[in-house]
Amino acid sequence: MSEIKVTFVQPDGSKRIIDVEEGNTLMEAAKYVAQPYVEGIEAICGGQCICATCHVWVDKKWIDEVGLPEDNSQEQAWLDYEKTARLTSRLSCQVKLTKRLDGLVVHIPEDKNERISPKAIDGFGD
Ligand code: FES
């Protein structure tokens, strides 16, 4: 396994460049490899794809390489409720880092405290 670099860009434009072994997820790079962890990637479910607090916007230059969530996937369902979702949105716990993603740039959405819409919370447990 070799190391790759990923860059997390905060809403204020500040950047964190993390060296991470391929095979980790993007969330793991931000939450567990980075010391201290990358602000804005709370990842409270630990990568189980049930919280959406690991939401990122993939830089437009990288979205073809990263790819979009599969239709009807759990990831896409969460993003459908995400107030700040864009066409390049991904849940970072669902992005496995490979050599071809060396140099990847992602952006942390603003309004992280407003991520989950009341509609999503109301639907919990239905
Ligand atoms: Fe919870 Fe990604 S860490 S959905």
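Cut-offs applied
- Residues numbered from 1 in each chain as written.
- Predicted model: local features only at pLDDT ≥ 70, side-chain atom pairs only at ≥ 80, totals over all residues.
- Helix = DSSP H or I, 4+ residues; strand = E, 2+ residues; numbered from the N terminus.
- Buried ≥ 20, exposed ≤ 12 C-beta atoms within 10 Å, placed from the backbone.
- Contact = placed C-beta atoms within 7 Å.
- Pairing = 2+ DSSP bridges.

### Quick look at the overall build of the chain
Phase 1 of the analysis: Per the secondary structure count, the chain includes 4 helices and 5 strands.
Phase 2 of the analysis: When its helices and strands are written in sequence order, the chain yields β-β-α-β-α-α-β-β-α.
Phase 3 of the analysis: Of all 126 residues assigned to the chain, the portion counted as buried reaches 28%.
Phase 4 of the analysis: When contacts within the chain are restricted to residue pairs at least 6 apart in sequence, those whose partners lie at least 24 apart make up 64%.

### What to know about the pairing of strand β3 (residues 55-58)
Phase 1 of the analysis: Of the two faces of β3, the one lined by His55 and Trp57 and the one lined by Val56 and Val58 are each fully buried.
Phase 2 of the analysis: The sheet contact formed by β3 and strand β4 (residues 89-91) spans 3 bridges and is antiparallel. Across the sheet, His55 pairs through a bridge with Leu91, a residue of β4.
Phase 3 of the analysis: One ladder, built from 2 bridges, connects β3 with strand β5 (residues 104-107); its direction is antiparallel. Each residue of the ladder has a partner; that of Trp57, found in β5, is His107.

### A word on helix α1 (residues 26-33)
Phase 1 of the analysis: With 6 of 8 residues buried, α1 lies mostly within the body of the structure.
Phase 2 of the analysis: Contact partners of the buried residues in α1: β1 (3-9), β2 (15-21), β3 and β5.

### Let's talk about the environment of Val58
Phase 1 of the analysis: One can find Val58 in strand β3.
Phase 2 of the analysis: Given 25 C-beta atoms within 10 Å, Val58 falls into the buried group.
Phase 3 of the analysis: Residues Val58 and Ser92 lie 34 residues apart in sequence; the distance between their C-alpha atoms is 9.2 Å.
Phase 4 of the analysis: In contact with Val58, other than residues within four places in its own chain, are Ile63, Val66, Thr88, Arg90 and Val106.

### Comments concerning unusual backbone geometry
Phase 1 of the analysis: The omega torsion of the bond from Gln35 to Pro36 falls at -5°, within 30 degrees of zero and hence cis.
Phase 2 of the analysis: Topologically, Pro36 is positioned in the loop between α1 and β3.
Phase 3 of the analysis: Positive phi values are uncommon outside glycine, yet Cys49 reaches one of about 60°.
Phase 4 of the analysis: With respect to the secondary-structure elements, Cys49 resides in the loop between α1 and β3.
Phase 5 of the analysis: Of note, the phi angle at Ala52 is positive, near 65°, even though the residue is not glycine.
Phase 6 of the analysis: Following the sequence through the fold, Ala52 ends up in the loop between α1 and β3.

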